[in-house]
Amino acid sequence: MRAGDLLRKLDQRLLPRLAATVTRLGHGPSRTPLLGWVAMLSCTTVLATAVLATGGPPVQDRTVGEVTRVGVVEGDSIPRYEATAAADLAALAGSLGDGTYALVSLTEYLTPARLAAVVGDVGVAVVFGRVPLPDRQTEIVRIPTQRVPEDVTAGMIKLAERKEREAADYRARATALGGGGPEERELRGLYLSGAQVAAAEAAAFRAECACLYALVVRAEPAKLRGVAARSGVRVVDPAPEVRRLERTVFTPPLPEQRDVVRPPVDRTATPEPTASATATASATAPVTDSPPAPEPTVADRSLTPPEVTDPSPSPSVPSPAPSASTWTPSTSADTVDEDDPEPTP
């Protein structure tokens, strides 16, 4: 019996008798002490009944504030990460109830259609993407997904719309920036450069580019080992410790990262270069021996595109100024939808 029903029955049975008793005692010579004792006894009885009916006091969530991290961080060895993940997958228990989460990294950037062939019948929760513009640091995005490629395509359209707004905002800021001094010219150049990158990202996402390089799946160990053997899969990193996706940070390696995790090369091309901007760019450009990222390719649009759904609200407004010398890994990747959907087993 639920607590509400039990308390309702108590009210129906006890309140009339309690009212009659209080009325009778109220006419006695010692009505004040008796009324106080009766009221206190009644409150205690009701509280005890409620606690017993609900099974005791509420249990606190012990995971509040805890964050689980899966993947790599800057400076990590890629070969060591791949070997460790493969060993963990091989040692994974044969039966884990409804399966376990795993971070799947790909060998190259894929289109939504090609990603569907890799996914197969495995439940997907999140897809990671990035427009691989040559020598430019672009935003790592996270697209909550249940259906591939439908949800991925819909997420890309949302990203394209947001990137178009970012490009327009950067151009408006560059136009509104007054003054012709070195600092103003340098800032105007950064705004225009940010607008160029955002416009290129918008065009790529809208064309369903080959921009997807990792995903989070949930499956039984046997299925995960089958995914690891599929063509195009680089590594499957099982994460049985993950219980809630909103409290987990996934950082998959980029396809072009082969030896050590480091930021991609970023050679910001400012339309109005200055001496100070050139010196700063030369001093801050990271050195890497990783091969350059490939040009984003466009999916074959000759076929009728699949029907897509709108799984997310409009993304947020861009930041005031672009950053040309810092790389943000997927720990702070933009999320197309704030609520991560649970994957379909």
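Here the structure is a predicted model, which is why all the values come from computation and not from measurement. (Residues numbered from 1 in each chain as written. Predicted model: local features only at pLDDT ≥ 70, side-chain atom pairs only at ≥ 80, totals over all residues. Heavy atoms only, no water.)

**Topic: the overall build of the protein**
The following threshold applies: Secondary structure follows DSSP: runs of H or I at least 4 residues long count as helices, runs of E at least 2 residues long count as strands, and numbering of each begins at the N terminus. Throughout, exposure labels follow a simple rule: accessible area from a 1.4 Å probe, protein chains only, divided by the maximum for the residue type, with under 20% read as buried, over 50% as exposed, and the rest as partly exposed. Should any heavy atoms of two residues lie within 4.5 Å, those residues are counted as being in contact. Each accessible area is a Shrake-Rupley result for a 1.4 Å probe, and residues are judged covered by the shown protein chains and nothing else.
Regarding its fold elements, the protein presents 8 helices and 8 strands. A buried classification covers 39% of the 345 residues belonging to the protein. In the protein, once contacts between residues fewer than 6 apart in sequence are set aside, the share between residues at least 24 apart is 85%. Summed over its atoms, the accessible surface of the protein is roughly 18400 Å², and 58% of this surface lies on carbon and sulfur atoms.

**A word on the packing of aromatic side chains**
Worth spelling out the cut-off: When two rings of Phe, Tyr or Trp (its six-membered ring) have centres within 6.5 Å they constitute a pair, described as stacked for plane angles under 30 degrees, edge-to-face for angles over 60, and tilted for the intermediate range. A positively charged side chain is recorded as over a ring if its NZ (Lys) or CZ (Arg) lies within 6 Å of the ring centre. The angle to the ring normal must also be within 35 degrees.
With the rule as written, the count across this model stands at 2 aromatic pairs. Here Tyr109 and Tyr213 contribute two aromatic rings whose centre-to-centre distance is 5.9 Å and whose plane-to-plane angle is 70°, an arrangement assigned as edge-to-face. Of this pair, Tyr109 sits in strand S2 (residues 100–110) while Tyr213 sits in strand S5 (residues 212–219), and the two are 104 residues apart along the sequence. Residue Tyr109 is classed as buried on the basis of its relative accessible area of 5%. By relative accessible area, Tyr213 is classed as buried at 0%. The ring centre of Tyr101 lies 4.5 Å from the NZ or CZ of Arg218, which sits over that ring.

**Re the state of the cysteines**
What counts here: Here, two cysteine sulfur atoms that lie within 2.5 Å of each other are counted as a disulfide.
Using the criterion set out here, one finds 1 disulfide in the structure. Covalent S-S linkage joins Cys209 and Cys211, the inter-sulfur distance amounting to 1.7 Å. Taking the sign of the S-S torsion, -125° for the link of Cys209 and Cys211, the bridge is left-handed. Take Cys209 and Cys211: they sit in the same class, and that class is buried.

**Remarks on the confidence of the model for the protein**
Operational definition: pLDDT runs from 0 to 100 and stands for how confident the predictor is about each residue.
Mean pLDDT over the protein stands at 75; residues scoring 70 or higher make up 58%. With pLDDT under 50 throughout, residues 297–320 is counted as low confidence; its partners more than four residues away or in other chains account for 40 contacts. Within the model, the stretch residues 337–342 combines pLDDT values under 50 with 18 contacts to residues more than four positions away or in other chains.

**Focus on the pattern of salt bridges**
Worth spelling out the cut-off: For this document, the term salt bridge refers to a Lys or Arg side-chain nitrogen within 4 Å of an Asp or Glu carboxyl oxygen.
Under the counting rule described, the total for this entry stands at 16 salt bridges. In this structure, Asp121 engages Lys223 in a salt bridge whose closest nitrogen and oxygen atoms are separated by 3.6 Å. You can see Asp121 sitting in the loop between helix H4 (112–119) and strand S3 (123–129) and its partner Lys223 sitting in helix H7 (residues 221–228), a full 102 residues away along the chain. By relative accessible area, which is 38% here, Lys223 ends up partly exposed. Connected through shared salt-bridge partners, Glu139, Arg162, Lys163, Glu166 and Glu201 make up one network.

**Re the nonpolar core**
Note the following rule: Throughout, nonpolar core names a set of buried Ala, Val, Leu, Ile, Met, Phe, Trp, Tyr and Cys residues whose side chains join them through atoms within 4.5 Å.
Judged by nonpolar contacts, the single largest core of 34 residues is most densely connected at Phe205 and Leu215. Judged by nonpolar contacts, the second largest core, of 23 residues, contains Tyr101, Tyr109, Ile140 and Phe250.

**Things to note about the pairing of S3**
The criterion, for reference: The pairing criterion for strands is at least two bridges between them, as found by DSSP.
Of all 7 residues in S3, 7 are buried; the element is thus mostly enclosed. Bridging between S3 and S5 involves 6 bridges; their strand directions are antiparallel. For Val127, the partnering residue across the bridge sits in S5 and is Leu215. One ladder, built from 4 bridges, connects S3 with strand S4 (residues 141–144); its direction is antiparallel. In the sheet register, Val127 faces S4, and the bridge partner there is Ile143.

**Quick notes on the environment of Glu184**
Inspection of the secondary structure puts Glu184 in helix H6 (residues 182–206). Overall, Glu184 belongs to the partly exposed group, its relative accessible area being 27%. When the C-alpha atoms of Glu184 and Ala174 are compared, they prove to be 9.3 Å apart, with 10 residues separating the residues in sequence. Dropping the residues within four chain positions of it, Glu184 is found in contact with Leu177, Gly178 and Gly179.

**Structural notes on the pairing of S2**
For a regular strand, side-chain orientation follows a simple rule: the groups alternate between the two sheet faces. The element S2 is extensively covered by neighbouring structure, given that 9 of its 11 residues are classed as buried. Sheet topology places S2 next to S5; 7 bridges connect them, and they run antiparallel. Opposite Thr100, over in S5, you have Ala219 as the bridge partner. As judged from the 6 bridges shared by S2 and strand S6 (residues 233–239), these two strands associate in the antiparallel manner. Within S6, the residue paired with Val104 across the bridge is Val236.

**Some thoughts on the environment of Leu110**
Looking at the element boundaries, Leu110 is found in strand S2. Excluding anything up to four places from it in sequence, Leu110 contacts Leu115, Val118, Cys209, Ala210, Cys211 and Leu212.

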